[in-house]
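Chain and residue survey
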Amino acid sequence: QVQLVEVGGGSVQAGGSLRLSCAASGYSYSWNCMGWFRQAPGNERGGVASICAYYGRTYYADSVAGRFTISRDVDKNTVYLQMNSLTPEDTAMYSCAADYRGTGDILLASQYNYWGQGTQVTVSS
């Protein structure tokens, strides 16, 4: 059974940083791609970043490129999201996803088969 557990959310002031972690069990990162998504109240879940086993290639949404960094620890089967220069617009529930289907946009939520419970990130001005 695949389980994804996110930790690291919290509250921070604008300009601050947070680091999210997603530990996978029952699933190996080396099989495929894992990603981070976020959903704010009233909005659809949107892709933030993704990283694939193939050369560790990364993908970012335009809104976070240059501020967020996705990385992975293959031995720990864990994916991280370092978030810097946070703004109130980054406030959302952040969720980890695994097992990209490969039939569409890699930052599209419907392209992933497994999901974590999510961790809340709140950025105050």
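Rules used in this analysis
Residues numbered from 1 in each chain as written. Predicted model: local features only at pLDDT ≥ 70, side-chain atom pairs only at ≥ 80, totals over all residues. Heavy atoms only, no water. Phe/Tyr/Trp six-rings, centres within 6.5 Å; stacked < 30°, edge-to-face > 60°. Helix = DSSP H or I, 4+ residues; strand = E, 2+ residues; numbered from the N terminus. Buried < 20%, exposed > 50% of the residue type's maximum accessible area, 1.4 Å probe, protein only. Salt bridge = Lys/Arg side-chain N within 4 Å of Asp/Glu carboxyl O. Disulfide = S-S within 2.5 Å. Core = buried A, V, L, I, M, F, W, Y, C linked by side-chain atoms within 4.5 Å. Contact = heavy atoms within 4.5 Å. Pairing = 2+ DSSP bridges. Axes fitted to C-alpha atoms, helices over the stretch in contact; angles between N-to-C directions.

Taken as a whole, this structure holds four aromatic pairs when the rule is applied. Where Y100 meets Y112, the ring centres are 5.7 Å apart and the plane angle is 35 degrees; that geometry is what we call tilted. Of this pair, Y100 sits in strand β9 (residues 92–100) while Y112 sits in strand β10 (residues 112–115), and the two are twelve residues apart along the sequence. The pair formed by Y100 and Y112 is uniform in burial state, with each residue classed as buried. Taken together, the ring pairs connect F37, Y100, Y112 and W115 into an aromatic cluster.

Attention now goes to the pattern of salt bridges. Applying the stated criterion across every chain yields a total of two salt bridges. Between D90 and R38 there is a salt bridge; the shortest N-O distance is 2.9 Å. Of this pair, D90 sits in the loop between β8 (78–83) and β9 while R38 sits in strand β4 (residues 33–39), placing them 52 residues apart in sequence. One exposure class covers both D90 and R38, and it is buried. The salt bridge partner of D90 is R67, with a shortest N-O separation of 2.7 Å.

The subject of this paragraph is the state of the cysteines. Inspection of the entire model under this criterion finds two disulfides. Each disulfide of the protein joins two cysteines, and with those cysteines numbered along the sequence the arrangement is 1-4, 2-3.

The next subject is the environment of S11. By the element assignment, S11 lies in strand β2 (residues 10–13). Given a relative accessible area of 65%, S11 falls into the exposed group. The spatial distance from the C-alpha of S11 to the C-alpha of Q120 is 8.2 Å, given a sequence separation of 109 residues.

Among the nonpolar cores identified, the biggest contains 36 residues, and M34, W36, V48, F68, L81, M83 and Y94 are the most heavily contacted of them. Taken together, the elements giving at least two residues each to this core come down to β3 (18–25), β4, β5 (46–52), β7 (68–73), β8, β9 and β11 (119–124). It is β9 that provides the largest number of residues to this core, a total of six residues. If we skip the residues at most four places from it in the chain, F68 touches R38, V48, Y60, L81, Q82, M83, N84, L86, D90 and Y94.

Moving on, we come to the sheet that holds β7. If you walk across this open sheet you meet the four strands as β1-β3-β8-β7, and the pairing is antiparallel. Both edges of this open sheet fall to β1 (3–7) and β7, since each of them pairs with a single strand only. Strand-to-strand, the axes of this sheet are offset by a mean angle of 15 degrees, without reference to chain direction. Two strands pair when backbone bridges link them, and β7 and β8 are joined in this way by six bridges, in the antiparallel orientation. Directly across from D73, in β8, lies its bridge partner T78.

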